[in-house]
Amino acid sequence: MNRAMARRPEARGALQRADDLETRTEYLAFLLGSEAYAVQIGSIAEILKPLPITEVPRARPSVVGVMSVRGRLVTVLDLKRRFRVADTTEIERTSRILLVDAPDETIGLLVDEVLQVYRLTEAEVEPPTALGGEQLAYVAGVGRPSDGSVLLLLNLQPLFAE
Amino acid sequence: MAEHGGGRGDSAGDKAREEFFSEAQEIVDGLSRDLLALDEVSKRGGSDAELVNDVFRAVHTLKGLSSLFGAAMMSGLSHELENLLDDLRLGRIELSQQVLDLLFQSVEAYGRILAASKGDAPEPAAEVKALLGALGQVAQQRGGVAATPFTQYELDPGMLGVLTEYEEHRLRTNLQAGLSLYRMRVQFQLFTIDSALDELKAKTRPHGEIITFLPTGEGGDAESVELEILVASRTPLATLRTALGGPNIVIEEVSRRPGGRPDSLAPPATGLPPAPYDDGTQTESGAAAARTSAPPPPPSIPSDVLAAPPFASPAAPAPQAQREPSARELTLRSVTQTVRVDIRKLDHLMNIVGELAIVRGSVAKLFERVRGDEELRDVATDLHRLHRAFERHLTQMQNGILEVRMVPLGQVFDKLARIVRQISREHGKEINLVITGSETEIDKLIVEELSDPLMHMIRNAIDHGIEEKDERMRVGKPPVGTIALNAFQKGNHVVIEVEDDGRGMDPALIVDAAIRRGLVDESDARELSVKEALAIVFEPGFTTRDDVTSLSGRGVGMDIVRTNIGKLGGVVDITSDVGIGTKMTITLPITLAIISVLRVEVAGRTFCMPLASIEEAIVFDESLVRIFEGREVLTQRGATLPLAHLDKLFGLEGHRQGVYMSDAPTPKPPPVSPTGRKPRRYVVIGLVADRRVGFVVDRLVGQQDIVIKALGDSLAHVRGFAGATELGDQRVGLVIDAAALIAEVLASVGEARQLVHEPRVDAGGTL
């Protein structure tokens, strides 16, 4: 898998001394294939290494299956299949599962790799209209942190409502 | 509504509200039980002051609680009801059928108000308004109380003067009933007075009724007090003395005065206007006339008019003040020593037990590893002992949690008793409902889901089962129909029977009706057994009645009954004898949380099938498979068994991966026997409510008790699974919903049959 586009900023110092007067929102960035995505960090309850996931026959293709996290049943979704950038679910050594709280259950989001936390200023977030074309409910905007990466910011609620 | 949303960010206020609603529900349930008991008593022509009091107290508490929480509709209703009940316990109105009806309607209204508060239903505003109107009407009928000459008794005028209106009423009623009056003087130690008094009350209860108790103001000192207790009883003085007597108790009979001279302290009720009691005010116009023309306006003689003079008497205000709180405050305290627990919390505990079971498994494995090692022999012995102790305690804990989830079936039976009463009144069919085994316990979640199906069954029994009175007399049955509701435990199951002594179900009529409605082919119908014919009533769209009554007969109901019971892992059976009656039997697992399953393997995946819905498992002999109307079937014990390959049903053919793991070992290929023949497979015969389907699986793994967990909302669209469970090794196994799969398979059999049918007709062939 080509991960060349995943930019791991070496210069964390630049972020650290960032101007505290500005409102910053924290995002967790991760890879789906070769693209970098991010969600607000507050929506993530936990990051897990993959546990055995049992496939659920007849479920939507984006459902990887169910797993048990300390006795709690978690439905795992494959965002790549949800976004139609992959046809099969692949779990690698770098894969992680982000646990998020949906209204009535806990959902696990399967991602290929967790990158880092970005603290974005309002100026670093472009509205979803910046992408042009058809507006997707789950796209919250585009993040352009100072290290030059481009993050597709996700809005998770519409994904649960399906 | 908002207070039930999702359980997140609940403030303390929301929690208190939630508790209020659940406490209110408990009180309403108790109210319903008391009313049913009262109904029984009144049917026998009696009355029970204590029950009326209980009902009054319950409503009083509801009123207090609901106004505290701003539940206006509930507090408004409680207020009116309280007035009615007050009139009732003071004998100002009679416990008539009409009044009982109103009380039962009020319980229903409370139920709906509570449902509305959970957001399950709209607020029953119109219903409550009508009810309030009706309650007001009854209040118009209240009469005064005929004076009874207390003067005949040697009673202390001071005591008579401080009797509350209720006490006066009870005294009067008891004297009218010819009971004797006793006066007890009892010394109480101040620091034990509460418990000692309760004890004395309990001892007195079998003999009679305590009318009142007052401090005498004599015989006491700094640490004790003397009470005078007035008791009405049928028991002779000597017996009473033996039963209650003690060193500090003096009992004497209150003697009658020879002449009964007029006494200035006679109740002032004599001066009241005559009661508009039985003079036609029950009708609308009569009531209106009474309102407009009757010279002394009868609308509600305010209770304080009646009570005022004795209260105004300044005889002993102090003891009055002392007694009041004990009676009133008690009613606001919670009655039982119980804790209400959200069932989700119990589920959480059960999950932890599940986790511990996995730890236990690991300990067992560790023991296996060290047991062979000579050097570690001591460690192995210790580990073994620890493991055994762990296991024992874990089982106890599991059983303990399961026990907590259990509630008596009486919870739902009480509700049914109310419904039976209501329906039988509406339809003029007298029904005697006999309940046994209401103490039988079952999982809380099951109880909640049971009330609808049972209600359908009982409605059917009343509407279709029990005949009209004339018809019953004609065939020599007692005019009053009987419905028996029996519950008992049978192994790991609870059995509930609904039995009526009505006309029974005629299989021939059922088959006819089914043919008319196109549910069965005429040719198939001939081959149906009696049992199969009776089972047709569970088919969607079946009914034998042509008229649609408000009860049932709409052709819906029994199929829902079967579906709902099936969802709980239960089955329904019918037996019926024409002219004698019908019995429906529901068999349910005791708990939903833990079920026994058979683990099976299909295409490398493990699934759990609830044992409750498995008839048996047999070796799959492909040579016996016949193709019948496009479907694979086996002949099993003389009956046709449709087959379904679980791998095809679940779309698992071809790909063999069942569990995703980062370092997944390649899944084992299915076992191939050394002879090179195809591996042996099995047929698991699923049986839910008389419907059978054989599921073909690759391997039987074994039987296991599992803790079942619901799948999340995001999998709500997936059919065929009842939930999932942990299998150990952190792996999750899916639990098959046998009822749903069987229905699905049989439905597709129906489609296949139609497809096969049509070409034959086209070919002009005769059937």
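Residues numbered from 1 in each chain as written. Chains lettered and ligands numbered in written order. Predicted model: local features only at pLDDT ≥ 70, side-chain atom pairs only at ≥ 80, totals over all residues. Heavy atoms only, no water.

## Digging into the overall build of chain B
Part 1 of the reasoning: In terms of helices and strands, chain B carries 23 helices and 23 strands.
Part 2 of the reasoning: The burial tally for chain B puts 43% of its 767 residues in the buried class.
Part 3 of the reasoning: For chain B, the share of sequence-separated contacts (at least 6 apart) that also reach a separation of at least 24 residues comes to 69%.
Part 4 of the reasoning: With an accessible surface of roughly 39600 Å², chain B has 53% of that area assigned to carbon and sulfur atoms. (Helix = DSSP H or I, 4+ residues; strand = E, 2+ residues; numbered from the N terminus. Buried < 20%, exposed > 50% of the residue type's maximum accessible area, 1.4 Å probe, protein only. Contact = heavy atoms within 4.5 Å. Areas by Shrake-Rupley, 256 points an atom, 1.4 Å probe, with all protein chains shown as cover.)

## Remarks on the overall build of chain A
Part 1 of the reasoning: Within chain A one finds three helices and 12 strands.
Part 2 of the reasoning: Counting the 162 residues in chain A, one finds 51% classified as buried.
Part 3 of the reasoning: Pairs at least 24 apart in sequence give 55% of the contacts found in chain A among residues at least 6 apart.
Part 4 of the reasoning: Carbon and sulfur atoms form 48% of the exposed surface of chain A, whose accessible area is close to 7900 Å².

## Things to note about the pattern of salt bridges
Residues and elements named next belong to chain B.
Part 1 of the reasoning: Within the structure shown, the criterion is met by 32 salt bridges over all chains.
Part 2 of the reasoning: Between Asp443 and Arg405 there is a salt bridge whose closest N-O contact spans 2.8 Å. Linking Asp443 in strand β7 (residues 441-443) with Arg405 in helix α14 (residues 377-405), this pair joins segments that are 38 residues apart in sequence.
Part 3 of the reasoning: Accessibility expressed as a relative area gives 0% for Asp443, which makes it buried.
Part 4 of the reasoning: Residue Arg405 is classed as buried on the basis of its relative accessible area, which comes to 3%. (Salt bridge = Lys/Arg side-chain N within 4 Å of Asp/Glu carboxyl O.)

## Section: the interface of chain B and chain A
Part 1 of the reasoning: Between chain B and chain A, the contact holds 36 residues from the first and 28 residues from the second.
Part 2 of the reasoning: A combined buried area of about 2700 Å² lies between chain B and chain A, and 56% of that area is made up of carbon and sulfur atoms.
Part 3 of the reasoning: Taken together, chain B and chain A are joined by two salt bridges.
Part 4 of the reasoning: In this structure, Glu744 of chain B engages Arg58 of chain A in a salt bridge whose closest nitrogen and oxygen atoms are separated by 2.6 Å. (Buried area = accessible area lost by both parts, 1.4 Å probe.)

## A few points about the sheet that holds strand β8 (residues 481-490) of chain B
Residue and element names in this part refer to chain B.
Part 1 of the reasoning: Taken in spatial order, the five strands make up an open sheet running β6-β8-β9-β11-β10, and their pairing is mixed. What marks the edges here is a single partner per strand, and that holds for β6 (431-436) and β10 (571-577). Neighbour-to-neighbour, the strand axes of the sheet open up by a mean angle of 15°, direction not taken into account.
Part 2 of the reasoning: Sheet topology places β6 next to β8; six bridges connect them, and they run parallel. Bridge assignment links Thr436 to a residue of β8, and that residue is Asn486. (Pairing = 2+ DSSP bridges. Axes fitted to C-alpha atoms, helices over the stretch in contact; angles between N-to-C directions.)

## With respect to the sheet that holds strand β15 (residues 626-628) of chain B
Residues and elements named next belong to chain B.
Part 1 of the reasoning: Strand order across the open sheet formed by six strands is β14-β19-β20-β17-β16-β15, with mixed pairing between neighbours. Lying at the two open borders of the sheet, with one neighbouring strand each, are β14 (614-619) and β15. Across the sheet, the mean angle from the axis of one strand to that of its neighbour is 40°, orientation sign disregarded.
Part 2 of the reasoning: In terms of strand pairing, strand β16 (residues 631-636) meets strand β17 (residues 639-645) through four bridges, oriented antiparallel. Bridging across to β17, Val633 finds its partner in Pro642.

## Description of the side chain of Arg472 of chain B
Part 1 of the reasoning: Along the polypeptide, Arg472 of chain B turns up in helix α17 (residues 469-474).
Part 2 of the reasoning: Every residue in contact with Arg472 of chain B, bar those within four places of it in the chain, is listed here: Ile466, Glu467, Lys477, Pro478, Pro479, Val480, Gly481, Thr482, Asp501 and Gly502 of chain B.

## Focus: helix α7 (residues 165-176) of chain B
All names here are of chain B.
Part 1 of the reasoning: Taking 1.5 Å per residue as the helical rise, α7 with its 12 residues ought to reach 16 Å, and the 16 Å between its terminal C-alpha atoms agrees with that figure.
Part 2 of the reasoning: Judged by how many residues are buried, α7 sits mostly within the fold: 10 of 12 residues are covered.
Part 3 of the reasoning: Of the positions making up α7, those classed as buried are Glu165, Tyr166, Glu167, Glu168, His169, Arg170, Leu171, Arg172, Asn174 and Leu175. (Expected span 1.5 Å × (residues − 1).)

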